[in-house]
Amino acid sequence: MIRGAGAGPRVPGPPDPLALRDLARHLSLVSHLGLTMAAAIGIGLALGHGLDHWLGLGGWGKALGIPLGIASGFWAVYQLVAEAGREPR
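Values in this document were obtained by computation on a predicted structure and should not be read as measured data.

### Some thoughts on the overall build of the chain
Secondary structure assignment for the chain yields 2 helices and 0 strands. A buried classification covers 15% of the 89 residues belonging to the chain. Partitioning the contacts of the chain with sequence separation of at least 6, the portion at a separation of at least 24 is 54%.

Structural data, given as structure tokens:
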């Protein structure tokens, strides 16, 4: 069997540095968004737990703190995404 010019294994070239830079930028943004959201919810939970303990609210502090943490997390994520959209490439 005779192998033609295109029948050999294909060897990829070196990665494009601009593509790698864009990939790193996008991965860092997604990581930042996830950590921001998790931190906001955790802070809301901690503050709600503190209110429950301090005022004896029986769980209502957490019930208020978690949605406030989620709302503040969404607001922070919105601001980060809006800022990322304004940055020059």
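### Things to note about the pattern of salt bridges
Throughout the structure, instances matching the rule amount to 2 salt bridges. Between Arg25 and Asp22 there is a salt bridge; the shortest N-O distance is 3.4 Å. Here the residue Arg25 and the residue Asp22 both occupy positions in helix α1 (residues 17-55), the gap between them amounting to 3 residues, near one helical turn. Since its relative accessible area comes to 31%, Arg25 is described here as partly exposed. Where Asp52 meets Lys62, a salt bridge forms, and the shortest distance between an N and an O atom there is 4.0 Å. In this pair, Asp52 sits in helix α1 while Lys62 sits in helix α2 (residues 60-86), placing the two residues 10 residues apart along the sequence.

### Section: the side chain of Asp52
According to the relative accessible area criterion, Asp52 is buried, its value standing at 9%. Apart from residues no more than four positions distant in its own chain, Asp52 is found in contact with Leu57, Gly58, Gly59, Trp60, Gly61 and Lys62.

### Some points on α1
In this model, α1 (39 residues) spans 56 Å end to end at C-alpha, consistent with the 57 Å of a helix rising 1.5 Å per residue. Residues of α1 that are buried: Leu33, Thr36, Met37, Ala40, Gly44, Gly48 and Asp52. Next to the buried residues of α1 lie α2. Looking at the residues trailing α1, positive phi occurs at Gly56, about 65°.

Analysis parameters
- Residues numbered from 1 in each chain as written.
- Predicted model: local features only at pLDDT ≥ 70, side-chain atom pairs only at ≥ 80, totals over all residues.
- Heavy atoms only, no water.
- Helix = DSSP H or I, 4+ residues; strand = E, 2+ residues; numbered from the N terminus.
- Buried < 20%, exposed > 50% of the residue type's maximum accessible area, 1.4 Å probe, protein only.
- Contact = heavy atoms within 4.5 Å.
- Salt bridge = Lys/Arg side-chain N within 4 Å of Asp/Glu carboxyl O.
- Expected span 1.5 Å × (residues − 1).

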